[in-house]
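Here are the chains, one letter per residue:
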Amino acid sequence: MLNAIHALPGLVWGYRIDPVSGQATRLSAEVTPAMLAEGPGFLWLHLNIADARVGALLDGFEWLTEQARSVLTTHDTHAALTVDDQMVFGTLVDFQREFDKETRDLGWLHFALGERYIITTRLQPIRSLDRVRAAVEKNSTKYRSPMHLFETLVAEFQRGIIAVVIDLTEELNAIEDVVYDSELRDERRRLAPVRRVVVRLYRHLRTMLSLMRRAAASDDEDMPFGFDEVAQRLTARLESVDHDVHALQERARLLHEEIDSKLSSETNRHLYILSLMTAFLLPPSLVTGFFGMNTSNLPFAAEADGTIFAIGFIAVSIAAAWYLLRRAGIL
């Protein structure tokens, strides 16, 4: 059934990279699975798993294990990395890309590589893939094997994290300038998206670091040639940016605490003012309540200047309240 297919379902792009000649030949849209075995070098196939026929296509690749096929067609949203039977396959986190701009939304890149091939699949467009593809077309001589292409993909993701960290740092600088200004403004709405991106990025980055260390410690029999050195270099790259993301997370957390502290102080100040107003107005309220009783023989009820005497009592009660608050150290 596979031989009857006259094109590769879900193919976004494909390259045959020959390290000897230093050429990267892009596969035509009419390439068939039978033609993939022809030619020197190694293959890079990039597929869109939104096409339901991709699974049937991968079933025809005998050099893929069942587990690798499952990883390439999964829609799982968690990182994974497996080294088995001289193959490396799994799911990496990356940044999504829209047609006209790059985003901070996280996407998922599924891959499987062996000695003469690397297959990548995705559901949404991925930022790092386009950059690596442009690099392959510009200079393919440095990609001597699928392992080097895999290393470039992860390294490009690391560079993407650095760019995002720089942008987030500038946003935190702007928020920080407002927070520490003399005028109080609630910047939690601006800070919340930044913290959300940093927290998610840090969580997935730590997972990738753990997976890379675990894969580097796999048995030599299962490990493809050169993977241990590549894993060590990628681990060092991810660790360096991990410190930056962690520092950014701590800074965003402290900034959020500072905003909460200033808002709490402002709220307490307002409550303090309201409490003072209540303390000052309570004695006059008692005076007016007393003279407002509808009972007989109220003081000054028959006096011509009764209202003036009542106002005097109100003033005296306010002065007495002020004196008692001063003595108590509240004012």
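Residues numbered from 1 in each chain as written. Predicted model: local features only at pLDDT ≥ 70, side-chain atom pairs only at ≥ 80, totals over all residues. Heavy atoms only, no water.

A. Expanded view of the packing of aromatic side chains. If you walk through the whole model with that rule in mind, you get 6 aromatic pairs. Considering the side-chain rings of W13 and W44, the 5.6 Å spacing of their centres and the 80° angle between planes classify their relative orientation as edge-to-face. On the criterion of sequence distance, the pair formed by W13 in strand β1 (residues 11-18) and W44 in strand β3 (residues 42-48) is long-range, its members being 31 residues apart. Exposure remark for W13: the relative accessible area of 5% places this residue in the buried category. A relative accessible area of 0% means that W44 is categorised as buried. Linked through ring pairs, W13, Y15 and W44 together constitute an aromatic cluster. (Phe/Tyr/Trp six-rings, centres within 6.5 Å; stacked < 30°, edge-to-face > 60°. Helix = DSSP H or I, 4+ residues; strand = E, 2+ residues; numbered from the N terminus. Buried < 20%, exposed > 50% of the residue type's maximum accessible area, 1.4 Å probe, protein only.)

B. Seen up close, a negative patch on the surface. Taken together, the side chains of D219, D220, E221, D228 and E229 define an acidic patch exposed on the protein surface. Among the structural elements, E221 can be located in the loop between α5 (188-216) and α6 (227-291). On the accessibility criterion, E221 (69% relative accessible area) is exposed. (Patch = residues over 30% accessible without salt bridge, like charges linked within 9 Å, V, L, I, M, F, W, Y side chains within 5 Å. Areas by Shrake-Rupley, 256 points an atom, 1.4 Å probe, with all protein chains shown as cover. Salt bridge = Lys/Arg side-chain N within 4 Å of Asp/Glu carboxyl O. Lys, Arg positive; Asp, Glu negative; His and termini not counted. Charge placed at Lys NZ, Arg CZ, Asp CG, Glu CD.)

C. Spotlight on a nonpolar patch on the surface. A cluster of nonpolar side chains, namely L271, Y272, I273, L274, M277 and L281, defines an oily patch on the protein surface of about 570 Å² accessible area. Mapped onto the elements of the fold, M277 is located in helix α6. On the basis of relative accessible area, M277 is assigned to the partly exposed category, the value being 45%.

D. Summary view of the pairing of strand β5 (residues 87-97). Across the 11 residues that make up β5, a large majority, 10, are buried. Looking at chain direction, strand β4 (residues 80-84) and β5 are connected through 5 bridges and run antiparallel. Of the residues in β5, the one forming a bridge with L81 is G90. Between β4 and the antiparallel strand that follows it, β5, lie 2 residues; D85 among them carries a positive phi value of about 55°. The pairing of β5 with strand β6 (residues 102-113) spans 9 bridges and is classified as antiparallel. Residue pairing in the sheet places G90 in a bridge with F111 of β6. (Pairing = 2+ DSSP bridges.)

E. Highlighting unusual backbone geometry. Its identity as a non-glycine residue notwithstanding, D85 has a phi of 55°, on the positive side. Residue placement: D85 occurs in the loop between β4 and β5. Not every positive phi belongs to a glycine, and Q86 is a case in point at roughly 60°. Here Q86 is to be found in the loop between β4 and β5. Under the relative-accessibility criterion, Q86 is labelled partly exposed at 37%.

F. Representation of the pairing of β1. Within β1, 6 of the 8 residues are buried, leaving the element largely enclosed by the surrounding structure. Judged from the 4 bridges that link them, β1 and strand β2 (residues 23-26) form a sheet pairing that is antiparallel. Pairing of D18 across the sheet is with Q23, part of β2. Linking β1 back to β2 in an antiparallel pair, the connection comprises 4 residues, with G22 at a positive phi of about 75°.

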